[in-house]
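Each chain is listed here by its residues.
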Amino acid sequence: NAKHEGRGRFAFFTPLMQEAVSRRLQLGSALQRAIDDDEFVLHYQPKVNAVSGAVCGAEALIRWTQRDGKPIPPSIFIPVAEETGRIDPIGSWALQEAVAELARWRTRGVTDTPIAVNISPLQFRRTNVAGFIEAVVSRAAIDPGLLEVELTESGVMSDPATAIEALQRISAQGIAIAIDDFGTGYSSLAYLKRLPIDKLKIDASFVRDIATDPSDGAIVRAIITLAHVLNMTVVAEGVETAAQVEFLMAHACDELQGNYFSEPVSGDAMLELLARGPFILPQTGPRAVPCP
Ligand code: C2E
Ligand code: MG
Ligand code: MG
Ligand code: MG
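Residues numbered from 1 in each chain as written. Chains lettered and ligands numbered in written order. Predicted model: local features only at pLDDT ≥ 70, side-chain atom pairs only at ≥ 80, totals over all residues. Heavy atoms only, no water.

A. Quick look at the overall build of the chain. Counting its regular elements, the chain contains twelve helices and nine strands. For 292 residues, the compact-globule formula gives about 19 Å, and the C-alpha radius of gyration of the chain, at 21 Å, lands near that figure. By its C-alpha atoms, the chain is 75 × 50 × 40 Å across when sized along the principal axes. For the chain, with 292 residues in total, the buried portion stands at 45%. Sequence-distant contacts, at least 24 apart, represent 67% of the contacts inside the chain between residues at least 6 apart. (Helix = DSSP H or I, 4+ residues; strand = E, 2+ residues; numbered from the N terminus. Rg over C-alpha atoms; globule rule 2.2 N^0.38 Å. Buried < 20%, exposed > 50% of the residue type's maximum accessible area, 1.4 Å probe, protein only. Contact = heavy atoms within 4.5 Å.)

B. Molecular detail of the nonpolar core. The biggest cluster of nonpolar side chains holds 83 residues, and the ones touching the most others in it are Ile133 and Leu256. By residue number, the principal contributor to this core is helix H3 (residues 87-107), which donates ten residues. In contact with leucine 256, other than residues within four places in its own chain, are Pro46, Lys47, Val48, Ala50, Ala236, Val239, Val245, Leu248, Phe261 and Leu281. (Core = buried A, V, L, I, M, F, W, Y, C linked by side-chain atoms within 4.5 Å.)

C. Geometry of empty space enclosed by the protein. Going through the model one piece at a time under the given rule, you end up with one cavity of 30 Å³ or more. Roughly 30 Å³ of internal volume is contained in the largest cavity. Around the largest cavity, the lining residues are Ala34, Ile35, Asp38, Glu39, Phe40 and Trp93. For the lining of the largest cavity, the per-class residue count stands at four nonpolar, no polar and two charged. (1 Å grid on protein atoms, 1.4 Å probe; cavity = no way out; pocket = protein on both sides within 12 Å on 5 of 7 lines; lining within 4 Å. Points joined across faces, edges and corners; volume = space filled by probe spheres on them. Nonpolar A, V, L, I, M, F, W, Y, C, P; charged D, E, K, R; others polar.)

D. Representation of the layout of surface pockets within the structure. Each pocket or cavity is described by its volume, and for the largest pocket that value is around 900 Å³. Along the wall of the largest pocket there are 35 residues; nearest its centre are Glu59, Leu61, Pro74, Asn118 and Asp180. Secondary structure elements with two or more residues in the lining of the largest pocket: strand E1 (40-49), strand E2 (55-65), helix H2 (74-83), H3, strand E4 (115-118), helix H4 (121-126), strand E5 (147-152) and strand E6 (176-182). Here the lining of the largest pocket gets five residues from one element, more than from any other, and that element is E2. For the lining of the largest pocket, the per-class residue count stands at 15 nonpolar, eleven polar and nine charged. Here the second largest pocket defines a volume of roughly 180 Å³.

E. Expanded view of the packing of H3 against helix H5 (residues 129-140). Packing of H3 against H5 leaves a shortest axis separation of 10 Å and a crossing angle of 25 degrees. By the criterion of interaxial angle, the relationship of H3 to H5 is roughly parallel. Note that H3 runs across H5; the crossing there is right-handed. When H3 is examined against H5, the residues Ser92, Leu95, Gln96, Val99 and Arg106 are found in contact with a partner set consisting of Phe132, Ile133, Val136, Val137, Arg139 and Ala140. The class makeup of the residues in the contact of H3 with H5 is seven nonpolar, two polar and two charged. (Axes fitted to C-alpha atoms, helices over the stretch in contact; angles between N-to-C directions. Parallel < 35°, antiparallel > 145°, perpendicular 65-115°, else oblique. Left-handed = near helix turned anticlockwise from the far one by under 90°.)

F. Spotlight on the coordination of the magnesium ion (ligand 2). With distances of 2.0 to 2.2 Å, the protein atoms coordinating the magnesium ion (ligand 2) are Glu59 (OE), Asn118 (OD1), Glu150 (OE) and Asp180 (OD). Written as a sequence motif, the donor arrangement for the magnesium ion (ligand 2) is E-x58-N-x31-E-x29-D. Between the magnesium ion (ligand 2) and the magnesium ion (ligand 3), a separation of 4.2 Å is found, and both are coordinated by aspartate 180. Within this pair, whereas glutamate 150 is found in strand E5, its partner aspartate 180 is found in strand E6, the two being separated by 30 residues in sequence. A single burial state applies to glutamate 150 and to aspartate 180, both of which are buried. (Donors = N, O, S within 2.8 Å, 3.2 Å for Na, K, Ca; no water.)

G. Seen up close, unusual backbone geometry. Despite not being glycine, alanine 141 has its phi angle at roughly 50 degrees, a positive value. Its place among the elements puts alanine 141 in the loop between H5 and E5. Using a relative accessible area of 52% as the deciding quantity, one classes alanine 141 as exposed. In this structure, asparagine 231 is a non-glycine residue whose phi angle is positive, near 65 degrees. Note on placement: asparagine 231 falls in the loop between helix H10 (214-229) and strand E8 (233-236).

H. A look at the environment of aspartate 213. Note on placement: aspartate 213 falls in the loop between helix H9 (204-207) and H10. When the C-alpha atoms of aspartate 213 and leucine 256 are compared, they prove to be 19 Å apart, with 43 residues separating the residues in sequence. At a separation of 2.8 Å, a polar atom in the side chain of aspartate 213 contacts the side chain of serine 215. (Polar contact = N/O pair within 3.5 Å; in protein donor to acceptor, adjacent residues only side chain to side chain.)

The following block contains the structure:
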């Protein structure tokens, strides 16, 4: 902030800012311990086929409970991990854990449900994620087709020329690539076409009011059309209500994810959920035909 105010001006470091900084520092060192002490777990949220109601995949979402029992949401600690240089070990842990979960699911007879892992743009840019994934997947001898990665739009599009090589190496392994939070960043349509992207995930902020806000409805329809024109699958995030499900079904969205179906749950709870079979989708089909 002070930078933007030009020379010869003072910016005051207020007690409030002081507190925010020391809280981040504390969180940063707690994060280091958390990696060493196994305080992270992955939870899984189902993605539901919008035609059949079948669970067609799961997104792995990291959960952190500190030793005092206090949960800290990823929206708080992932940015701190990124700023304090601790995202690489966390991201690597999440990838390994998701692959280990796939191996566990296989021993329980579940061999057709992919797990998607979120990858921080920082880790993606700084490290050889493609090579790491290759090593982890081959060590666990799982089908790479069961792993997906989610990268945010801004993470990929801030430097698409560099991203392309890593994405191609990931894609060549048979691992699907999804663009997360689509619509909140900016995308080069030229790169969207050229990059090996398999899925667009419509950000929850557009889904929230689809049934009531005509411009959100139009944006979501446009993203669905764009994805299909580019031969991609489209997933709606943050689906909470039957009205949203009906809208998304009526406009041919492929997959639905959100608390309407299930919150993120433990790996074991996810297996139970899979054993229960497809979700029952709201009846949308042929509405009363208007009189001519
Ligand atoms: P995301 O990848 O966009 O994940 C979707 C978020 O929406 C998750 O928040 C999920 O719990 C939440 N969500 C799902 N359904 C609903 C719903 O119906 N209503 C509402 N209000 N929210 C819903 P969560 O788990 O708190 O994660 C937040 C973000 O943290 C993720 O956004 C992702 O960017 C990041 N994150 C989570 N796990 C990891 C990880 O293992 N690695 C990295 N690098 N980032 C992660
Ligand atoms: Mg995600
Ligand atoms: Mg998202
Ligand atoms: Mg997000």
